Amino acid sequence: MTESSPDVPGFPFACPMPVEPGDVIQLAHGGGGLLTRKLIDGLFRPAFAARPEELTHDGAVVEIAGARLAFSTDSYVVHPLFFPGGDIGSLAVNGTVNDLAMCGATPLYLSAGLVLEEGFPIADLRRVVESMRRAAVQAGVRLITGDTKVVERGKGDGLYVNTSGIGAVAPEVAVGPARVRAGDKVLLSGDIGRHGIAIMIAREGLGFETAIASDCAPLGRSVAALLSLGAAVHCLRDLTRGGLATALIEIAETAAVTIRLDEAKVPISAEVRGAAEILGLDPLYVANEGRFIAFVPAPDTARALAILRQAPASADAAVVETQHGDAAARERVGELAERAIVANRRYGFVAARAGGAGDEHDGGRRCLRSGCWPRQGAGEPNSRRRREDDVLRRVR
């Protein structure tokens, strides 16, 4: 991206991944993966970011009359509207509350915009509104303004919801991907994969012996406890579209660090693991709506972990990373059940599991920008990744 001023009309776009003139929007552009990143880097960031570090986090922190405020917005098009563990109403409230919390803010106020399809049952709308009210009370926020629009029958898939929110950020709090440092430890607040798997099962009408419910929940209290007790938190990120792996890759790319993930330490329930295996999904890439990661200096790890485990939403928190260093230290993974998240401003990849003889992808590297496994000098499409992009694109 070249230097240019967004205040000058017609300022030039220049980006290493430009949007081609013949490109069209695909459903995968909303999946949180490669195409989403390309759209942000190739179109939105050059148009709206005044500084390189902008548009890299879950929200923005601005200073107004001496007060620091976090601001975030999100739109929700989940299908089905009602699913085990939540619905589009609780999802819309908790999603924006959590984005504010990831900025280090205390969430305060929300707005809501509802796009209703002609013929949508009032009874279902009442359920959604009541769910939003309960979620706001649980999260400790007030919904103070909103808007409704109605579109023609067949043009809106029932209901879409947008929520925006503001929160207060304490003067001493400063979190963000750019603050991550070599030597930090990665803390995960709980088990992963439940939301995306629950949506998939409900959407496709699949029958499993054990019910899997979404982890949709507000994270503000866990984050507040972590920040108020003095733990030096460098970065927070909730694990929504793209899951744990995508969040780590984005942060590693921004901070230019290497993160080695110990999969054996990542909490995944047996039910989620089994369902993901049947569906051909990788739990590391499956969306969550009540989980986050925190980057803290190594000396503060034990204290931060103890704090997180005192809050109900993060009672199963764990340290999930075995090595965290400078991006120059690009080692091949040499032990079973480890992956290296290696990224800088030019590339990103996940190293495959390194295992014994017969492992089809032993020591291979999957390119995050192409979604392929390199084989004999040529990339072969990764069908699992494509399937994840296809089936999990509408989880919020």
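Sequence positions are assigned chain by chain, starting from 1 and proceeding in written order. Restriction of local features to residues with pLDDT of at least 70 applies here, the model being predicted, together with a cutoff of 80 or more for giving and counting side-chain atom pairs; totals for whole chains, interfaces and linings are based on all residues. Only hydrogens and water are set aside; all other atoms, that is, all heavy atoms of the structure, feed into the side-chain values.

Let's talk about the overall build of the protein chain
Here is step 1: Each helix is a run of H or I in the DSSP string that is no shorter than four residues. Each strand is a run of E no shorter than two, and both are numbered from the N terminus. The helix and strand tally for the protein chain stands at 9 helices and 18 strands.
Here is step 2: Accessibility here uses a 1.4 Å probe with only protein chains present; expressed as a share of the type maximum, an area under 20% marks a residue as buried, one over 50% as exposed, and anything in between as partly exposed. Residues classed as buried in the protein chain amount to 50% of the 396 residues present.
Here is step 3: Should any heavy atoms of two residues lie within 4.5 Å, those residues are counted as being in contact. When contacts within the protein chain are restricted to residue pairs at least 6 apart in sequence, long-range pairs at least 24 apart make up 76% of them.
Here is step 4: Method for areas: the Shrake-Rupley scheme with a 1.4 Å probe, in which residue coverage is limited to the protein chains shown. In the structure as shown, the protein chain presents an accessible area of about 18,300 Å², 54% of it carried by carbon and sulfur atoms.

Here we look at the environment of Arg241
Here is step 1: Along the chain, the position of Arg241 falls in the loop between strand 9 (235-238) and helix 6 (243-255).
Here is step 2: Relative accessible area serves as the criterion here: at 33%, Arg241 is assigned to the partly exposed category.
Here is step 3: In this structure the C-alpha to C-alpha distance between Arg241 and Gly31, which are 210 residues apart in sequence, comes to 6.2 Å.

Remarks on the sheet that holds strand 9
Here is step 1: Should DSSP find at least two bridges between two strands, the strands are taken to pair. Strand order in the open sheet formed by 4 strands is 9-11-8-12, with antiparallel pairing between adjacent strands. Of all the strands in the sheet, just strand 9 and strand 12 (318-319) have a single pairing partner and so form its edges.
Here is step 2: Lines fitted to C-alpha atoms define the axes, with helix axes restricted to the stretch in contact, and inter-axis angles between N-to-C directions lie between 0 and 180 degrees. In this fold helix 6 packs onto strand 8 (184-188), strand 9 and strand 11 (292-297), with an angle of close to 40° to the strand it touches most, strand 11.

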